[in-house]
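Structural description and commentary
If you want the building blocks of each chain, they are given just below.
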Amino acid sequence: MNDQREGNYWTRKRVGRRTILKGSAAGAVGAAALAAVGCGDDDTTKSSPTAAATAAAGSPTTAATTAATTAPVVPAGKLVIDTSVGGGTLQAFNPLLWTSGGQTPFRDAVADPMVGIDKKGDGFGYYQALAQTFERPPDGLQVTFNLRPDAKFGDGTPVTSEDIKFTLDFVTTDPARHARKSEWKRVYKATETPDKQTAVVKLNEPYPLLISFNFMFPVISKAAFDKLGFDGFDGNPTAAGPFKFVSGAKGDHANLTAVEGHYRKTPFIKDLVIKATPEEATRLAQIETGETDICYMSPTNKDLVKGFGGRVATTANDTSFWLVFMDPYIGKTDSPTNDPRVREAMSKAINRKDITAKLLAGGANPAGSIGNPSIAGHNNLAPDPYDLTEAKKILDAAGHGNFQIDFSVIAPVAEYVNVVVADWKKIGIDATVKPLESGAWLAMVNAKKTPGLYIEPTGANYVDPAQWGLFVLSDGSFSYQKDATLDTKMRSIISGTDDKARAATWGEVQKKIYDDRIYSALWTTSTHFAVGKRVKQWDPVPGIGYIIRLEQAKV
Amino acid sequence: MARYVVSRVLQAIIVVWIVTTLVFVLVRLTPGDAAQVLAGPSAPQEEIDALRKELGLDQSLGSQYVDYMSRVVRGDFRDSLRFHESAMGLMLDRFPNTLKLAGIALVISVGLGGLIGVGSAIHPGGLVDRGGKFFAILGQSMPTFWIGLLGILIFAVKLGWLPAAGPGDWKHYILPSATLGWFSMAAMVRLTRSAMLDVLESDSVKFLRIKGLREREIIFKHALRNASIPILTLAGLQFVAFLSGSVIIETIFGWPGSGRLMVESVTARDYTVVQAGTFFISIVLVLVNLVIDLTYGFIDPRIRFG
């Protein structure tokens, strides 16, 4: 809680005896919140939403204290970021129409949620944004958010509980689109607004993701929406982020400007341009020429970027890759991969160490568990050692010395796929690579009719174990397992209210998947960013593969 | 003449109808559907199904086609599935960017290529001929994406003379349009040279020389005009190719054009934009071809349209 590490705006806000003494009255509220939630956990190494509740003890006066003792920031200069996802980046200017991670940089720049996410130690943590404190009773059927009285939208109007209600209601309506829409429609009951600073969110069932996932529900201005309508607001959004929208073209770029005197954090830079250039060579050329300041890059270009004086910033293992064996799920009874020993052999025939070091240019780490290592409860299991002799022995013992299997991959085929296939061939497995265009690959995965296996890459922005339900629950869209025990454990994570217990259960889920060889974890990758010479300060958030927290960037 | 124009317009309508129908069918035959891609990779099945219903994609192919064609005749291409904006509006917003690039590339291809071709024809085997041919063939031999990246490396990164990518002031147009135009220049050089050589050896040019006309007037006023029919045809084809095939250039240079929009829409299964874009491009191409055909009669009075 009193982490005094530099470079993190939120940790700097928490230091100081004056802060603690002045916050003692509000601290009683926070302490009551802690007691009500029933957890005093302050895990500084892994993220936990309750750490946010703990921090709430000092927060009510923190803003005022900070304002009194710190000179106001006057934004200056321009920052250009390239999110390189093409149309996926700026499909909508309404930050609440969030359907893919590529929209995150824009969303986080223009809109604040009630509880945000930021760098904390070597991982990520939660902080109060629009919500000064929140309280959650043990049954988890409601969450009371107490809003900051000084929070304002970019147009200067105050953020009130009516805006919270509008935001949370909006996600359930058509034609609104949101990545968690159907889930939210299931769990959300209503929001009550006893006063302008209090929003009581009522739920049909406990939904811990409301806190850990809260950054995916950025608050928008009801008044502005009512005035402009759905399409009008999408072309000219009003929200409470550190930047406000000026102009843009969907699918191409957005021009934003700093909100001076922002309730939470006035950006250091005045003008922010978000654009998308599909070709990496061009992006890096623009970093070198100074036309772009931050962009995505592949790890193979690390030396190039350093060579021209740029900097390479990375997240810490935000994406997990693992092998999915489809045959057991689809009921292909004659498939050798129904036998866990065969899956073990295939896993042990993969040279994770050399692949991550050489083919992935050191931008990945071998993994034994599926999942994002930054999230609470991650069970850091040892990856299978590379041993072709052992793998062959296991395969022979299982009675499947030689067989053929289809291997569906996203085109273009990555080099490591060919390496894996070659190693499998050495132990008698003939894997036929079937490249698919990404849309076709997605359809194949969701249809659950194709035999063989594929590699699943997921995790960036997966900050809570509950999100992995898609891959673990029997009825999850991407799940290829039918284990009742796992279902029970996963459901307890999804609807549990005890974060410590949820984290522990997630570790058990990972262990069971590992022991039963349901999936075979391969490695975790980090997202790499090329940072230009002009940028004096900016770092990505570990575990989150997106360019965010741009209000903290300096040029 | 009027009969010719009417017949060409009717042909154009049929061509556009065939093209749009083909695109309608082909995008729907592609594996993966729009609802799934639009809902995002994390969306559960119920969300995808709801979106599919909202977009009308749960209807039969026939129903979707009838609905689509009835909208097309009214000029309604629906909204982009991704951007919630008029699909045709998006195309019309982006097309001028492509048009500008194509126009400048055409000037480079026809202007510079034509000039080199004329020079080559005047002095066959000379320095201009050999140098021009080499320059043009070089452009045709190298893939456009490679030329583009090389241009960025040399002129933007190393020399700092030009911006690397993206739209902006006049400097931003140089690299992408030069890359686009250089590739097509070789064909223009060779055709112009060949056409000019034919005309310069003709009896009519010999007669003009006997009459005592200045060589410059013979070449640029008489010979070039007679040689311009095939040059015009090629220019038209190249312009059409620039308009529809600028995808690589727009991708390399981050240019917000219609080519890039179309490719991204195909990947994202944004059917409405693909359909609107194809319809629009086919109309433009047919119109360009019609204008070129009509121009023949202006250039060569011997050509009449029955």
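The structure presented is a predicted model; accordingly, all values stated were derived computationally and were not measured.

1. With respect to the overall build of chain B
- The secondary structure content of chain B amounts to 13 helices and 0 strands.
- Tracing chain B from N to C terminus, the helices and strands come up as α-α-α-α-α-α-α-α-α-α-α-α-α.
- Referenced to the eigenvectors of the C-alpha coordinate spread, the extents of chain B come out at roughly 85 × 60 × 30 Å.
- Considering chain B as a whole, with its 306 residues, one finds that 42% of them fall into the buried category.

2. Here's the deal with the overall build of chain A
- Helix and strand counts for chain A come out as 21 helices and 19 strands.
- Looking at chain A alone, contacts between residues at least 24 apart form 72% of all its contacts between residues at least 6 apart.

3. A look at the sheet that holds strand β5 (residues 142-147) of chain A
Residue and element names in this part refer to chain A.
- Strand order in the open sheet formed by 4 strands is β4-β5-β7-β6, and the pairing between neighbours is antiparallel. In the strand order of this sheet, the two ends are held by β4 (131-135) and β6 (188-195), each with one partner. Adjacent strand axes in the sheet meet at a mean angle of 20°, parallel and antiparallel pairs treated alike.
- Direction of pairing for β4 relative to β5: antiparallel, over a ladder of 4 bridges. Paired with Ala131 across the bridge in β5 is Leu147.
- Together, β5, β6 and β7 (198-203) form the strand contacts of helix α7 (residues 161-170), whose direction differs from that of β6 by roughly 170°.

4. With respect to the pairing of strand β3 (residues 123-128) of chain A
Residue and element names in this part refer to chain A.
- In terms of burial, β3 is a largely internal element, 6 of the 6 residues being buried.
- Across 6 bridges, strand β2 (residues 115-120) lies against β3 in antiparallel orientation. Paired with Gly116 across the strands is Tyr127, a residue of β3.
- In sequence, β2 turns back onto β3 through a hairpin of 2 residues, with Gly121 there showing a positive phi of about 65°.

5. Re the interface of chain B and chain A
- Listed as interface residues are 40 residues of chain B and, on the opposing side, 35 residues of chain A.
- Secondary-structure elements contributing two or more residues to the side of chain B that touches chain A are α2 (34-39), α3 (45-54), α7 (144-158), α11 (247-252) and α12 (258-267) of chain B.
- Per-element tally for the side of chain B that touches chain A: the top contributor is α7 of chain B, with 5 residues.
- Among the residues making up the side of chain B that touches chain A, the classes are represented as 21 nonpolar, 11 polar and 8 charged.

6. Thoughts on unusual backbone geometry
All names here are of chain A.
- The omega torsion of the bond from Ala411 to Pro412 falls at -5°, within 30 degrees of zero and hence cis.
- The backbone phi angle of Lys448 is positive, close to 55°, even though this residue is not glycine.
- Secondary-structure assignment places Lys448 in the loop between α18 (438-447) and β17 (453-458).

7. Looking at the packing of helix α11 (residues 280-289) of chain A against α7 of chain B
- Packing of α11 of chain A against α7 of chain B brings their axes to within 11 Å, and their N-to-C directions diverge by 0°. In terms of axis orientation, α11 of chain A runs roughly parallel to α7 of chain B. Listed contacts from α7 of chain B to Ala281, Thr282, Ala285, Glu288 and Thr289 of chain A of α11 of chain A are Leu149, Ile152, Leu153, Ala156 and Val157 of chain B.
- Among the residues making up the contact of α11 of chain A with α7 of chain B, the classes are represented as 7 nonpolar, 2 polar and 1 charged.

8. A closer look at the environment of Arg502 of chain A
All names here are of chain A.
- Turning to its location among the elements, Arg502 is positioned in helix α21 (residues 499-515).
- For Arg502 and Pro75, which are 427 residues apart along the polypeptide, the C-alpha to C-alpha distance reads 42 Å.
- Those residues in contact with Arg502 that sit more than four places away from it in its chain are Pro208, Gly377, Pro465, Ile493 and Gly496.

9. With respect to the nonpolar core
- Core analysis: the largest hydrophobic core is formed by 209 residues, its most contacted members being Leu130, Phe145, Val219 and Val324 of chain A.
- Looking at this core element by element, the count peaks at 15 residues for helix α5 (residues 87-122) of chain B.
- Discounting residues that sit within four places of it in the chain, Phe145 of chain A has contacts with Met114, Ala131, Phe134, Ile164, Ala199 and Val201 of chain A.

10. Details of the sheet that holds strand β16 (residues 429-436) of chain A
Residue and element names in this part refer to chain A.
- As summarised here, the arrangement of the 6 strands in space is β14-β18-β13-β17-β15-β16, forming an open sheet in which the pairing is mixed. Two strands in the sheet have a free side with no partner beyond their single neighbour: β14 (364-366) and β16. Recorded for the sheet is a direction-independent mean angle of 25° between the axes of neighbouring strands.
- Relative to strand β18 (residues 519-525), strand β13 (residues 319-325) runs antiparallel, the two being bridged by 6 bridges. From the neighbouring strand, Trp322 faces β18, where its bridge partner is Ala521.
- Running at roughly 25° to β18, helix α14 (residues 340-348) makes contact with β13, β16 and β18 of the sheet.
- Of the strands in this sheet, β14 and β18 are in contact with helix α15 (residues 352-359), which crosses β14 at around 170°.

11. A short note on the confidence of the model for chain B
Residue and element names in this part refer to chain B.
- Per-residue confidence for chain B averages 85 on the pLDDT scale, and 94% of its residues sit at or above 70.
- Model confidence for chain B, summarised as mean pLDDT per element, is weakest for α2 at 70 and strongest for α7 at 94.
- If you check the scores for this complex, the pTM reads 0.84 and the ipTM reads 0.85.

12. Side note on the pairing of β13 of chain A
All names here are of chain A.
- Here β13 lies mainly inside the structure; 7 of its 7 residues are buried.
- Two strands pair when backbone bridges link them, and β13 and β17 are joined in this way by 6 bridges, in the antiparallel orientation. If you follow Phe325 over to β17, its bridge partner there is Leu453.

13. As for α14 of chain A
- Regarding α14 of chain A, the residues found buried are Val342, Arg343, Ala345, Met346, Ser347 and Lys348 of chain A.
- Where α14 of chain A is buried, its residues meet β13, α16 (388-397), α17 (415-426), β16 and β18 of chain A.

14. Digging into α18 of chain A
Residues and elements named next belong to chain A.
- If you check which residues of α18 are buried, you get Gly439, Trp441, Leu442 and Val445. End-on, the buried residues of α18 take up no more than an arc of 160°, which puts them together on one face.
- Just downstream of α18 lies Lys448, where phi reads positive at about 55°.

15. Some details on the environment of Lys275 of chain A
- Mapped onto the elements of the fold, Lys275 of chain A is located in strand β10 (residues 271-275).
- What makes Lys275 of chain A buried here is the crowd of 26 C-beta atoms within 10 Å.
- Not counting residues within four places of it along the chain, the set of residues in contact with Lys275 of chain A comprises Val80, Asp82, Asp252 and His253 of chain A together with Gly166 of chain B.

16. Overview of the packing of helix α6 (residues 127-141) of chain B against helix α8 (residues 171-200) of chain B
All names here are of chain B.
- Relative orientation of the contacting elements α6 and α8 amounts to 135°, with a least axis distance of 7 Å. One finds that α6 runs oblique with respect to α8. As for how α6 packs across α8, the hand of that crossing is left-handed. For the pair α6 and α8, contact is made by Gly132, Lys133, Ala136, Ile137, Gly139 and Gln140 and by Trp182, Phe183, Met185, Ala186 and Val189, respectively.

17. Focus on the confidence of the model for chain A
- Residues at a pLDDT of 70 or more form 86% of chain A, whose mean pLDDT is 85.
- In the model, residues 1-68 of chain A has pLDDT below 50 throughout and makes 116 contacts with residues more than four positions away in sequence or in other chains.

Conventions used here
- Residues numbered from 1 in each chain as written.
- Chains lettered and ligands numbered in written order.
- Predicted model: local features only at pLDDT ≥ 70, side-chain atom pairs only at ≥ 80, totals over all residues.
- Helix = DSSP H or I, 4+ residues; strand = E, 2+ residues; numbered from the N terminus.
- Buried ≥ 20, exposed ≤ 12 C-beta atoms within 10 Å, placed from the backbone.
- Contact = placed C-beta atoms within 7 Å.
- Pairing = 2+ DSSP bridges.
- Axes fitted to C-alpha atoms, helices over the stretch in contact; angles between N-to-C directions.
- Nonpolar A, V, L, I, M, F, W, Y, C, P; charged D, E, K, R; others polar.
- Parallel < 35°, antiparallel > 145°, perpendicular 65-115°, else oblique.
- Core = buried A, V, L, I, M, F, W, Y, C linked by C-beta atoms within 7 Å.
- pLDDT = per-residue confidence, 0-100.
- Arc of directions from axis to C-beta.
- Left-handed = near helix turned anticlockwise from the far one by under 90°.

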